[in-house]
Amino acid sequence: RPSRERALAVVDMDAIEAAVIDSFSDGDPPLTVTPDQTTLEDLGDGKVRVIIVQAAGGPTVEDITAAAEQPAFLTSMTEELGETVDFDAPPATVTVVVAQ
């Protein structure tokens, strides 16, 4: 699951979640990410960690990470939020396997 940290002056979790979802849907190729797949964690100091899990029938976590690595993703986030957005750590994919 990709994990991202954002440096933002004011933390509005709803606005950040909407900007993340919109930025993926505006990408090339567009990806569908839903609020149910998205978890945000306020890290303090204007930073937010965004975790997105793969959903059945949706884009793979590798596709999500690749989309977040595109410069257009941060450009879209900046436009959506009206302030500069950057990564504190690069997007990453973490695979968790649950034994059945």
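Residues numbered from 1 in each chain as written. Predicted model: local features only at pLDDT ≥ 70, side-chain atom pairs only at ≥ 80, totals over all residues. Heavy atoms only, no water.

> Help me understand the packing of aromatic side chains, please; the structure alone is not making it clear to me.
Describing an aromatic ring pair means giving the distance of the ring centres and the angle of the ring planes. Applying the stated criterion to the full structure yields two aromatic pairs. Between phenylalanine 24 and phenylalanine 73, the aromatic rings sit 4.7 Å apart at their centres with planes inclined by 45 degrees, giving tilted as the arrangement. Here the residue phenylalanine 24 occupies a position in helix H1 (residues 13–25), and phenylalanine 73 occupies one in helix H3 (residues 71–81), the gap between them amounting to 49 residues. Linked through ring pairs, Phe24, Phe73 and Phe87 together constitute an aromatic cluster. (Phe/Tyr/Trp six-rings, centres within 6.5 Å; stacked < 30°, edge-to-face > 60°. Helix = DSSP H or I, 4+ residues; strand = E, 2+ residues; numbered from the N terminus.)

> I'm lost on the environment of aspartate 12 in this one. Help?
Mapped onto the elements of the fold, aspartate 12 is located in the loop between strand E1 (3–7) and H1. The spacing of aspartate 12 and proline 91 is 79 residues in sequence and 21 Å in space, taken between C-alpha atoms.

> I tried to follow a nonpolar patch on the surface on my own but got confused; where do I start?
Taken together, the side chains of Val94, Val96 and Val98 define a hydrophobic patch exposed on the protein surface, amounting to about 290 Å² of accessible area. Relative to the helices and strands, valine 96 resides in the segment after H3. We classify valine 96 as exposed; its relative accessible area is 62%. (Patch = residues over 30% accessible without salt bridge, like charges linked within 9 Å, V, L, I, M, F, W, Y side chains within 5 Å. Areas by Shrake-Rupley, 256 points an atom, 1.4 Å probe, with all protein chains shown as cover. Salt bridge = Lys/Arg side-chain N within 4 Å of Asp/Glu carboxyl O. Buried < 20%, exposed > 50% of the residue type's maximum accessible area, 1.4 Å probe, protein only.)

> Teacher, can you tell me more about the nonpolar core here?
Across soluble globular proteins, you tend to see nonpolar side chains buried next to one another. In terms of nonpolar packing, the biggest core is built from 19 residues, with Ile16, Val20, Phe24, Val50, Ile52, Phe73 and Met77 touching the most fellow members. When contributions to this core are tallied by element, the ones reaching two or more residues are H1, strand E3 (47–52), helix H2 (61–68) and H3. (Core = buried A, V, L, I, M, F, W, Y, C linked by side-chain atoms within 4.5 Å.)

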